[in-house]
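Residue-level structural notes
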Amino acid sequence: MENSLLRDRFGNLSNDDRFDLISNALNVGFQNPILGVGTGNYVLVDSSQRFSHCSYTEFFANSGIIALVLYATLVLRFVKEMYSKYKTTK
């Protein structure tokens, strides 16, 4: 474990920029709440030209709140269906 990249990554959390990526994607989404900036265009809007690290914030920034609600609804329905199938089949 001496040469573990995971240990190096979590050893110094001051270099962790995931929070900045997520908050920037939320800001872009709130600036363009209805339709977002366009599918796949968040990378072009972000100053560091990177993915927002979270699928939900990336989707919100790219496609807006309506698409995010539809996406979250589909995910929740899928989880509910899988759970009900799990309970019936065990």
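Below or above, wherever it landed, is the structure these notes cover. (Residues numbered from 1 in each chain as written. Predicted model: local features only at pLDDT ≥ 70, side-chain atom pairs only at ≥ 80, totals over all residues. Heavy atoms only, no water.)

**Quick notes on the environment of leucine 21**
As a reminder of what qualifies: Per the convention used, a helix needs a DSSP run of H or I reaching at least four residues, while a strand needs a run of E reaching at least two, with both numbered from the N terminus. In this description, contact between two residues means that some pair of their heavy atoms is separated by no more than 4.5 Å.
Relative to the elements of secondary structure, leucine 21 occurs in helix α2 (residues 18–31). Distance from leucine 21 to cysteine 54, taken between C-alpha atoms, is 8.6 Å for residues 33 residues apart in sequence. Setting aside its immediate chain neighbours within four residues, leucine 21 contacts Tyr42, Asp46, Ser48, Arg50, Phe51, Ser52 and His53.

**Notes on the environment of valine 45**
Within the secondary structure, valine 45 is located in helix α3 (residues 42–45). Each C-alpha atom of the pair valine 45 and valine 28 lies 8.1 Å from the other, and the pair is 17 residues apart in sequence. Those residues in contact with valine 45 that sit more than four places away from it in its chain are Val28 and Val37.

**A short note on helix α4 (residues 55–89)**
Selection rule: For a helix, the expected span equals 1.5 Å multiplied by the number of residues minus one. Note that bend, as reported per residue, equals the angle between axes fitted to the 7 residues terminating at that residue and the 7 residues originating from it. When accessible area is computed with a 1.4 Å probe and restricted to protein chains, residues below 20% of their type maximum are described as buried, those above 50% as exposed, and intermediate ones as partly exposed.
Spanning 35 residues, α4 covers only 31 Å between terminal C-alpha atoms, well under the ideal 51 Å at 1.5 Å per step. Where α4 bends most, the angle comes to about 130 degrees, and this point is glycine 64. Turning to α4, its buried residues are Thr57, Glu58, Phe60, Ala61, Asn62, Ser63, Gly64 and Leu68. For α4, the secondary structure elements touched by its buried residues are α2 and α3. Remark: lysine 90 follows α4 within two positions and exhibits a positive phi of approximately 45 degrees.

**A word on the packing of aromatic side chains**
Here is the rule we go by: A pair of Phe, Tyr and Trp rings is counted when the ring centres sit within 6.5 Å of each other, with Trp represented by its six-membered ring. The angle between the planes then sorts it: under 30 degrees is stacked, over 60 is edge-to-face, the rest tilted.
Considering all chains together, one arrives at four aromatic pairs under this definition. Relative to tyrosine 71, the ring of tyrosine 56 has its centre 5.6 Å away and its plane inclined at 55 degrees; by these criteria the two rings are tilted. The partly exposed category is assigned to tyrosine 71, whose relative accessible area is 29%. Between tyrosine 83 and tyrosine 86, the ring centres sit 6.4 Å apart and the planes meet at 35 degrees, which makes this aromatic pair tilted. Taken together, the residues tyrosine 83 and tyrosine 86, both in helix α4 and three residues apart, mark about one turn of the helix.

**Some details on the side chain of glutamate 58**
Here is the rule we go by: For the charge count, each Lys or Arg is scored as positive and each Asp or Glu as negative, with His and the chain ends excluded. The term salt bridge refers to a pairing of a side-chain nitrogen on Lys or Arg with a carboxyl oxygen on Asp or Glu at a separation within 4 Å.
With respect to the helices and strands, glutamate 58 occurs in helix α4. Put simply, glutamate 58 is tucked away with no salt bridge, and the nearest opposite charge, on arginine 50, sits 10 Å away. Ignoring sequence-local partners within four residues, the contact set of glutamate 58 consists of Tyr42, Val43, Phe51 and Ser52.

**Quick look at the packing of α2 against α4**
The condition is simple: Where helices are involved, their axes are fitted lines through C-alpha atoms of the stretch in contact, as for all axes, and angles between N-to-C directions lie from 0 to 180°. Orientation is classified from the angle alone, with under 35 degrees giving roughly parallel, over 145 giving roughly antiparallel, 65 to 115 giving roughly perpendicular, and any other angle giving oblique. Each helix crossing is assigned a hand: it is left-handed if the near helix lies turned anticlockwise from the far helix by less than a right angle, otherwise right-handed if that turn is clockwise. For this classification, the nonpolar set comprises Ala, Val, Leu, Ile, Met, Phe, Trp, Tyr, Cys and Pro, the charged set comprises Asp, Glu, Lys and Arg, and every other residue, Gly included, is treated as polar.
Contact geometry of α2 with α4 gives a least axis separation of 7 Å together with a crossing angle of 30 degrees. Viewed along their axes, α2 and α4 adopt a mutual orientation that is roughly parallel. Considering only the axes of α2 and α4, their crossing is left-handed. Where α2 abuts α4, its residues Ile22, Ala25, Leu26, Val28, Gly29 and Phe30 lie against Thr57, Phe60 and Ala61. Of the residues assigned to the contact of α2 with α4, the class counts are seven nonpolar, two polar and no charged.

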